[in-house]
Amino acid sequence: PLGFMNGADQERFDRLRFVELKHARVAMLAFLGQVTCRAGYHCYGNIDSAGTAFADIPNGFAALSAVPQSGILQMGAFVGFLELVVMKDITGDSEFIGDFRNGAIDFGWDDFSAEEKMQKRSIELSNGRAAMIGILGLLVHEQIGGNLPLIGVLN
């Protein structure tokens, strides 16, 4: 609608769809993680050898300063590993943009009809778009401050 794709070819569209799906999947996990932690559910045990419990780490942006530097580096290394090694079409047999099964994981996908597959992909895209807006809303609201229904006080 805004003319971003005027004159673009299929390859450009596929690249943008791939990036959209990747951001959508991350946003779905981020939104779920944000709501889960704010509900009081945390991993058991300690985050470091000094005895800092996962439950002692605050929610939201405050967690970035509370997590030890080595923890931030480990998260960055893990995300880099996923990005460079795991989350890509290794075999070249992907059925669609964003298909990272690589012949190893199926969960019944091959049993669906073409129509069901398209419907499920559309649902994932729609949920991902909603999650991108949702996590952005939570992060902005946290910076503004106040109280959210069902989630509680964001500070």
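For the structure, see preceding data.
Because the structure is predicted, anything quoted here is derived from the model rather than measured.

Asks: Is there a simple way to think about the packing of aromatic side chains in this case?
Replies: On inspection of all chains with the given rule, the structure shows three aromatic pairs. Ring geometry for Phe 96 and Trp 109: centres 5.6 Å apart, planes at 55 degrees, overall tilted. Placement of Phe 96 in the loop between helix H3 (69–86) and helix H4 (114–144) and of Trp 109 in the loop between H3 and H4 is noted, with a sequence separation of 13 residues between them. Exposure class is identical for Phe 96 and Trp 109. Each is buried. Taking 5.9 Å as the distance between ring centres and 80 degrees as the angle between the ring planes, the aromatic pair formed by Trp 109 and Phe 112 counts as edge-to-face. Residue classification places Trp 109 among the buried residues on the basis of a relative accessible area of 13%. The class of Phe 112 is partly exposed, set by a relative accessible area of 27%. One aromatic cluster in this structure is built from Phe 96, Trp 109 and Phe 112. Against the face of Phe 112 rests Lys 120, its NZ or CZ located 4.9 Å from the ring centre.

Asks: Help me understand the state of the cysteines in this model?
Replies: A disulfide bridge is the covalent bond that connects two cysteines by way of their sulfur atoms. Taken as a whole and judged by the stated rule, the model has zero disulfides. Sulfur of Cys 37: no disulfide; nearest cysteine sulfur belongs to Cys 43 and is 7.6 Å away. The partly exposed category is assigned to Cys 37, whose relative accessible area is 31%. Residue classification places Cys 43 among the exposed positions, given a relative accessible area of 53%.

Conventions used here
Residues numbered from 1 in each chain as written. Predicted model: local features only at pLDDT ≥ 70, side-chain atom pairs only at ≥ 80, totals over all residues. Heavy atoms only, no water. Phe/Tyr/Trp six-rings, centres within 6.5 Å; stacked < 30°, edge-to-face > 60°. Helix = DSSP H or I, 4+ residues; strand = E, 2+ residues; numbered from the N terminus. Buried < 20%, exposed > 50% of the residue type's maximum accessible area, 1.4 Å probe, protein only. Lys NZ or Arg CZ within 6 Å of the ring centre and 35° of its normal. Disulfide = S-S within 2.5 Å.

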